[in-house]
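Summary of structural features
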Amino acid sequence: MMTIENLNIFLIIGFIGQGLFSMRFIIQWLASEKAKKSVIPFSFWTFSLGGSVLLLIYAIYKKDPVFILGQAPNVLIYSRNIYLIKKNKGVNK
């Protein structure tokens, strides 16, 4: 049973990371509904990166190699997507 006494900072980081990671799907769904087509807004990538970083911190703390391997590449992929979006922002104007 989880109590306030055994709730530590890494558990909080894990829950926040999972929340951010989950929000990206809600944002993508709402943006697609609004546009009446599938779209991926910039905030999808920022929530993805934020969630992955926090989940990776949590996975490292838990020493879970499967979880670490699952999150580590995502941090690079999401960072690269954000970089490419920012880099090409002025190209389409």
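Quick caveat: nothing in here was measured; it's all calculated off a predicted structure.

Here is what the cut-offs are and how they apply
Here the residue index of a chain counts from 1 through its sequence in written order. With pLDDT at 70 or above as the cut-off, local features in this predicted model cover only qualifying residues; side-chain atom pairs require 80 or more to be listed or tallied, and sums for whole chains, interfaces and linings still use all residues. The side-chain quantities take in all heavy atoms of the structure and omit both hydrogens and water. The secondary structure listing takes helices from DSSP runs of H or I that are at least 4 residues long and strands from runs of E that are at least 2 residues long, numbered from the N terminus. Surface accessibility in these figures is a Shrake-Rupley result with a 1.4 Å probe; residues are shielded only by whichever protein chains are displayed. In this description, a line fitted to the C-alpha atoms serves as the axis of each element, helices being fitted only across the stretch in contact, and the angle between N-to-C directions of two axes falls anywhere from 0 to 180 degrees. Here the word oblique covers every angle except those under 35 degrees (roughly parallel), over 145 (roughly antiparallel) and from 65 to 115 (roughly perpendicular). Crossing handedness: left-handed means the near helix sits turned counterclockwise from the far one by under a right angle, and right-handed means the same turn made clockwise. Three classes are used, and their members are as follows: Ala, Val, Leu, Ile, Met, Phe, Trp, Tyr, Cys and Pro are nonpolar, Asp, Glu, Lys and Arg are charged, and the others, Gly among them, are polar. In this analysis, the expected span of each helix is defined as 1.5 Å times one less than the number of residues it contains. A 1.4 Å probe rolled over the protein chains alone gives each residue an accessible area, and that area as a share of the maximum for its type sets the label: buried under 20%, exposed over 50%, partly exposed in between. For this analysis, residues touch if any pair of their heavy atoms sits within 4.5 Å. Nitrogen and oxygen atoms within 3.5 Å of one another constitute a polar contact, given that in protein one can donate a hydrogen and the other can accept it, and given that sequence-neighbouring residues count only through two side-chain atoms. The nonpolar core is taken to be a set of buried Ala, Val, Leu, Ile, Met, Phe, Trp, Tyr and Cys residues, with the residues joined through side-chain atoms within 4.5 Å. By definition, pLDDT measures how confident the predictor is in each residue, and it falls between 0 and 100.

Some details on the overall build of the protein chain
The helix and strand tally for the protein chain stands at 3 helices and 0 strands. Order of helices (α) and strands (β) in the protein chain, N terminus to C terminus: α-α-α. Here the protein chain displays about 6700 Å² of accessible surface, and carbon together with sulfur accounts for 69% of that area.

A few points about the packing of helix H1 (residues 9–35) against helix H2 (residues 42–62)
Where H1 meets H2, the axes come as close as 8 Å, and the angle between the chain directions of the two elements is 155°. When the interaxial angle is binned, H1 and H2 end up roughly antiparallel. In this structure, H1 meets H2 at a crossing whose hand is left-handed. Looking at the contact of H1 with H2 residue by residue, the class counts come to 15 nonpolar, 9 polar and 1 charged.

A closer look at H1
Its 27 residues give H1 an end-to-end C-alpha distance of 39 Å, which sits within 8% of 39 Å, the value for a rise of 1.5 Å per residue. Along H1, the positions that sit buried rather than exposed are Leu 11, Ile 13, Gly 14, Gly 17, Phe 21, Arg 24, Ile 27, Gln 28 and Ser 32. Contacts made by the buried residues of H1 are with H2 and helix H3 (65–87). N-capping of H1 is provided by Asn 8, with a side-chain oxygen placed 2.9 Å from the backbone N of Phe 10.

Examining the nonpolar core
Counting 6 residues, the largest nonpolar core consists of Phe 21, Phe 44, Trp 45, Leu 55, Tyr 78 and Ile 82. Those elements giving two or more residues to this core turn out to be H2 and H3. The biggest single contributor to this core is H2, with 3 residues.

Comments concerning the packing of H2 against H3
Two numbers describe how H2 lies on H3: the axes approach to 8 Å, and their chain directions differ by 150°. On the basis of the axis angle, H2 is roughly antiparallel to H3. In this structure, H2 crosses over H3, and the sense of that crossing is left-handed. Between H2 and H3, the residues in contact are Phe 42, Trp 45, Thr 46, Ser 48, Leu 49, Ser 52, Val 53, Leu 55, Leu 56, Tyr 58, Ala 59 and Ile 60 and Phe 67, Ile 68, Gln 71, Ala 72, Asn 74, Val 75, Tyr 78, Ser 79, Asn 81, Ile 82, Ile 85 and Lys 86, respectively. Residues that form the contact of H2 with H3 fall into these classes: 16 nonpolar, 7 polar and 1 charged.

Looking at the confidence of the model for the protein chain
Averaged over the protein chain, the pLDDT score is 89; the fraction of residues at 70 or greater is 88%. Mean pLDDT in the protein chain bottoms out at H1, which sits at 91, and peaks at H2, which reaches 94.

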